[in-house]
Amino acid sequence: MRNIAIFASGTGTNAERIMSYFEAGNTARVRLILCNKSTAGVVERARKHGVECRIFTPAELRETTLVTDWLEEFAIDYVVLAGFLLLLPPAVTDRYGERIVNIHPSLLPKFGGKGMYGDRVHAAVLEAGETRSGITIHHVNGRLDEGAVIFQAETPVLPDDTPETLATRVHELEYAYYPRIIEQEILKMQ
Ligand code: GAR
């Protein structure tokens, strides 16, 4: 049984799907939610699932050993980013290497990088007149949205899409694939 930590900054709908998915199996469990915002929706979702949630500031993440100490305390084997909007410091990326995964709501390398998160991504996709969008699940290398791609899935962009309707379809892809891809990656470790 492997131990997962999820870093999240926002609502936490992906984090919740991942917690539920692993509660039902015996590959791994989500042991820790790490969040840089005490008012984020993910905090309540963690509480509902009985998963420990710890809050830190960007400076604590960058400049202290607080977060790496927690990863140690919970014997974390695998790190998942789910709507986490800060860069992980080398203390985490060096330690976990390929055992860190991120999801991004576009077909990277398109519409990634600084400022590209959540509905901003979908607005940019529509603005650019793209005919397809989707999700990218990738390794994390210390630069935003740039690690090696593990998996992509597509959805068409429809003529009357708004950022919200496109976001809904992209979220459905995230929920369908992210927990399964995480499990596949964890199984490769064993
Ligand atoms: C997700 O759509 C995820 O792909 C995106 O943030 C959303 C978080 O939603 N991540 C990024 O944009 C990373 N650059 P959630 O908090 O409801 O899971």
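Here, every reference points to the structure presented above.
For clarity, every value in this text was computed on a predicted model and none was experimentally measured.

Enquirer: Residues and numbers for the pattern of salt bridges, please.
Expert: What the rule picks out here adds up to 12 salt bridges. Note that Glu73 is salt-bridged to Arg54, the shortest N-O span being 3.2 Å. Linking Glu73 in helix H4 (residues 66-73) with Arg54 in strand E3 (residues 52-55), this pair joins segments that are 19 residues apart in sequence. The salt bridge involving Glu72 is made with Arg95; its shortest N-O contact spans 2.4 Å. Here Arg95 lies in helix H5 (residues 90-96) and Glu72 lies in helix H4, a separation of 23 residues in the sequence. Among the residues examined, Glu72 registers a relative accessible area of 51% and is labelled exposed. When its relative accessible area of 37% is taken as the criterion, Arg95 is described as partly exposed. A cluster of three or more residues bridged by salt bridges with shared partners is formed by Glu16, Arg45 and Lys48.

Enquirer: Summarise the side chain of Thr68; cite the residues concerned and give the values.
Expert: By the secondary structure assignment, Thr68 is in helix H4. With near-sequence residues (within four places) excluded, Thr68 lies in contact with Ala91 and Val92.

Enquirer: Which residues make up the sheet that holds strand E7 (residues 149-156), and what values do they have?
Expert: Pairing is mixed across the open sheet formed by 7 strands, whose spatial order is E3-E2-E1-E4-E5-E6-E7. Each edge of the open sheet carries a strand with a single partner, namely E3 and E7. The mean angle between the axes of side-by-side strands here comes to 20 degrees, regardless of whether they run parallel or antiparallel. Two strands pair when backbone bridges link them, and strand E2 (residues 28-35) and E3 are joined in this way by 4 bridges, in the parallel orientation. Bridge pairing in E3 links Cys35 to Ile55. Packed onto the sheet, helix H2 (residues 41-48) meets strand E1 (2-8), E2 and E3 and runs at close to 145 degrees relative to E2. Sitting on the sheet, H4 touches E1, E2 and E3, and the angle it makes with E2 is about 165 degrees.

Definitions and cut-offs
Residues numbered from 1 in each chain as written. Predicted model: local features only at pLDDT ≥ 70, side-chain atom pairs only at ≥ 80, totals over all residues. Heavy atoms only, no water. Salt bridge = Lys/Arg side-chain N within 4 Å of Asp/Glu carboxyl O. Helix = DSSP H or I, 4+ residues; strand = E, 2+ residues; numbered from the N terminus. Buried < 20%, exposed > 50% of the residue type's maximum accessible area, 1.4 Å probe, protein only. Contact = heavy atoms within 4.5 Å. Pairing = 2+ DSSP bridges. Axes fitted to C-alpha atoms, helices over the stretch in contact; angles between N-to-C directions.

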